[in-house]
Amino acid sequence: MKLLIALYHRFELWQMPAWFSERLRQEFPQLEVIHLPSYDRVIEEITDADIAISWSLRGEQITAAKKLRWIHSTPAAVHQLMTPELRASDIVVTNARDVHGPVVAEHAIALAFALAKRLPQAVRYQQKKHWAQRDLWYAQPRPRELNGATITIIGLGGIGRPLAKLAKALSMRVVGVREHPERGGESADVVYGYDQLNLALNEADFVVLAAPVTEKTHHLMNAERLAQLKRDAYLINVGRGVLVDEGALVDALRAKSFAGAALDVTTNEPLSPDSPLWEMENVLITPHIASLTERMWERHYAHYTENLRRYLAGEPLLWVVDKQRGY
């Protein structure tokens with residue numbers, strides 16, 4: 001049985017370390033593990049692969065993969081895999097939602113604290129050596145508490161669920177938004193469907209985007225939706241950049257129609273040096289680092305090998321993606 005690992009990214013942390021495939025060979029000697037250093041030989045190696053680990057395979061590569069039965073995506077987002085060829089196949093797709101979700105949820109809470117306590121502004125004053133106690137207090141919006149604030153979490157999946165738990169631990173009121181609100185949310189005070197999104201936005205002091213990328217969620221936060229935010233509300237995006245219409249976001253931030261935004265993801269990454277978002281005082285940017293941690297690949301290994309044992313034993317897999325919905 002052949003396992004093909006085809007992962008490459010300009011940022012080295014997203015590349016699977018060599019020890020991962022070596023450990024797989026030791027623990028699963030029945031597998032032939034091929035770990036490619038680039039995408040150059042994917043079409044040749046995938047033709048007889050039974051299993052693949054990848055986040056981006058083209059349609060012709062799926063068509064060539066006559067034996068392929070399972071693809072595992074190391075990101076939680078799988079939209080780059082969702083070609084018509086894959087959707088039409090019987091190949092099972094799983095993702096790493098439980099690897100990244102809890103860590104990204106921590107980052108979202110950190111961003112909420114930073115915005116609430118006006119930390120980006122304090123850092124700017126620090127760089128000027130200015131004791132800005134009065135400045136920070138009299139500026140709008142003023143520093144605030146998370147305790148008692150309402151957080152609207154759009155997407156109650158791998159990120160949204162642990163985020164809701166963290167928010168409840170801080171005594172926040174949690175509003176969830178998901179495609180199937182009847183499924184509820186164990187830590188949410190109320191759960192709305194997308195047809196009630198404007199209501200959920202109206203109530204929010206903090207809005208966190210943690211939804212998957214689908215046709216429905218592409219540019220979910222457009223000019224009309226951004227206009228639903230309260231004047232002292234904050235928008236936090238730890239999902240994907242395309243969840244937000246970036247042009248409409250820039251316009252709304254310039255108009256100060258809501259308090260500000262924290263963005264870990266942007267439409268194009270890296271964010272262009274000429275993007276106006278860099279210079280805005282009401283914007284906090286982190287460079288897609290929400291899931292970064294030194295333990296990331298160890299968690300990947302533990303989760304993946306649990307599923308690999310299930311696959312080899314003919315048992316149902318965990319974290320299966322609905323290919324038609326795209327998450």
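Please read all numbers here as calculations on a predicted model, not as lab measurements. (Residues numbered from 1 in each chain as written. Predicted model: local features only at pLDDT ≥ 70, side-chain atom pairs only at ≥ 80, totals over all residues. Heavy atoms only, no water.)

*Asks:* Hey, could you run me through the overall build of the protein in this one?
*Replies:* Counting secondary structure elements, the protein contains 12 helices and 12 strands. Taken along its principal axes, the extent of the C-alpha atoms in the protein is 65 × 45 × 35 Å. Residue burial in the protein is summarised as follows: out of 327 residues, 51% are buried. Considering only residue pairs separated by 6 or more positions, the protein has 63% of its internal contacts joining residues 24 or more positions apart. Accessible surface, the protein as shown: approximately 15,700 Å² in total, 51% of it carbon and sulfur. Here the protein carries 38 positive and 39 negative side-chain charges, and the mean point of each set is 4 Å from the other. (Helix = DSSP H or I, 4+ residues; strand = E, 2+ residues; numbered from the N terminus. Buried < 20%, exposed > 50% of the residue type's maximum accessible area, 1.4 Å probe, protein only. Contact = heavy atoms within 4.5 Å. Areas by Shrake-Rupley, 256 points an atom, 1.4 Å probe, with all protein chains shown as cover. Lys, Arg positive; Asp, Glu negative; His and termini not counted. Charge placed at Lys NZ, Arg CZ, Asp CG, Glu CD.)

*Asks:* Mind showing me how you'd approach the sheet that holds strand β12 (residues 283-285) here?
*Replies:* Sheet strands pair by backbone hydrogen bonding; their relative direction is either parallel or antiparallel. Strand order in this open sheet of 7 strands is β8-β7-β6-β9-β10-β11-β12, and the pairing throughout is parallel. Each having just a single partner strand, β8 (190-192) and β12 make up the two edges of the open sheet. Mean inter-strand twist for the sheet, computed between neighbouring axes without regard to direction, equals 15°. Alignment of strand β9 (residues 206-209) against strand β10 (residues 234-237), held across 4 bridges, turns out to be parallel. Residue pairing in the sheet places Phe 206 in a bridge with Tyr 234 of β10. Seen against the sheet, helix α5 (residues 97-116) touches β9, β10, β11 (260-263) and β12 and runs at an angle of roughly 150° to β10. (Pairing = 2+ DSSP bridges. Axes fitted to C-alpha atoms, helices over the stretch in contact; angles between N-to-C directions.)

*Asks:* Please clarify how the side chain of Asp 50 should be interpreted in this entry.
*Replies:* Here Asp 50 is to be found in the loop between α2 (42-46) and β3 (51-53). The exposure class of Asp 50 is buried, given its relative accessible area of 12%. A distance of 2.8 Å separates a polar atom in the side chain of Asp 50 from the backbone nitrogen of Lys 2. Those residues in contact with Asp 50 that lie beyond four places of it in its chain are Met 1, Lys 2, Lys 67, Leu 68, Arg 69, Trp 70 and Tyr 311. (Polar contact = N/O pair within 3.5 Å; in protein donor to acceptor, adjacent residues only side chain to side chain.)

*Asks:* Would you take a moment to explain the nonpolar core for this structure?
*Replies:* Looking at soluble globular proteins, one finds that nonpolar side chains tend to be buried together. Counting 33 residues, the largest nonpolar core has Ile 154, Leu 226, Leu 235, Leu 249 and Leu 277 as its most contacted members. Every element with two or more residues in this core is listed here: β7 (173-177), α9 (197-203), β9, α11 (246-254) and β11. Setting aside residues up to four positions removed in sequence, Leu 249 forms contacts with Leu 226, Leu 235, Val 244, Phe 258, Leu 263 and Leu 277. Of all hydrophobic cores here, the second largest spans 32 residues; its members include Ala 105, Ala 108, Val 174 and Val 191. (Core = buried A, V, L, I, M, F, W, Y, C linked by side-chain atoms within 4.5 Å.)

*Asks:* How should the sheet that holds strand β2 (residues 32-36) be read in this particular structure?
*Replies:* Judged by pairing direction, the sheet is parallel, and its 5 strands sit side by side in the order β2-β1-β3-β4-β5 without closing on themselves. Two strands lie at the open edges of the sheet, namely β2 and β5 (92-95), each paired on one side alone. Strand-to-strand twist in this sheet, taken as the mean axis angle between neighbours without regard to direction, amounts to 15°. Helix-sheet contacts for helix α1 (residues 18-27) involve β1 (2-6), β2 and β3, and the interaxial angle to β2 is about 175°.

*Asks:* Just checking my understanding: could you explain the packing of aromatic side chains for this structure?
*Replies:* For any pair of aromatic rings, the description rests on two quantities: the centre-to-centre distance and the angle between the ring planes. Counted according to the given criterion, the structure contains 9 aromatic pairs. An angle of 20° between the planes, with centres 5.7 Å apart, marks the rings of Phe 206 and Tyr 234 as stacked. Residue Phe 206 is located in strand β9, and its partner Tyr 234 is located in strand β10; the two are separated by 28 residues in the primary sequence. Exposure remark for Tyr 234: the relative accessible area of 2% places this residue in the buried category. Cluster of aromatic residues (ring-pair linked, three or more members): Trp 19, Phe 20, Trp 70, Trp 297, Tyr 301, Tyr 304 and Tyr 311. Just above the ring of Tyr 301 sits the side chain of Arg 23; from NZ or CZ to the centre is 4.8 Å. (Phe/Tyr/Trp six-rings, centres within 6.5 Å; stacked < 30°, edge-to-face > 60°. Lys NZ or Arg CZ within 6 Å of the ring centre and 35° of its normal.)

*Asks:* Teacher, can you tell me more about the pattern of salt bridges here?
*Replies:* Should their charged atoms come close, side chains of opposite charge can pair. All told, the structure shown has 17 salt bridges when counted by the stated rule. For Glu 22, the salt bridge is made with Arg 25, and the minimal N-O distance between the two is 2.8 Å. One end of the pair, Glu 22, and the other, Arg 25, are both in helix α1, 3 residues apart, so they sit about a helical turn from each other. Judged by its relative accessible area of 42%, Glu 22 falls in the partly exposed class. Salt bridges linked by common partners bring Lys 2, Arg 41, Glu 45 and Asp 48 together as one network. (Salt bridge = Lys/Arg side-chain N within 4 Å of Asp/Glu carboxyl O.)

*Asks:* Looking at this structure, how should I read the packing of α5 against helix α12 (residues 296-312)?
*Replies:* The relative placement of two packed helices comes down to the angle between their axes together with the axis-to-axis distance. In the contact formed by α5 and α12, the axes pass within 9 Å of each other and the chain directions differ by 145°. Taking contact as the criterion, the partners of Asp 98, Val 99, His 100 and Val 103 in α5 are, on α12, Met 296, Arg 299, His 300 and His 303. Taken together, the residues of the contact of α5 with α12 break down into 3 nonpolar, 3 polar and 2 charged. (Nonpolar A, V, L, I, M, F, W, Y, C, P; charged D, E, K, R; others polar.)

*Asks:* How should I be thinking about the pairing of β2 in this particular structure?
*Replies:* Each regular strand displays side chains that alternate between the two surfaces of the sheet. As judged from the 5 bridges shared by β1 and β2, these two strands associate in the parallel manner. Looking across to β2, one finds that Ala 6 is bridged to Leu 36.

*Asks:* Could you clarify how one ought to interpret the environment of Pro 120 in this entry?
*Replies:* Within the secondary structure, Pro 120 is located in helix α6 (residues 119-127). The buried category is assigned to Pro 120, whose relative accessible area is 15%. With 109 residues separating them in the primary sequence, Pro 120 and Phe 11 have C-alpha atoms 26 Å apart. For Pro 120, the contacting residues outside a window of four places in its chain are Ala 114 and Leu 284.

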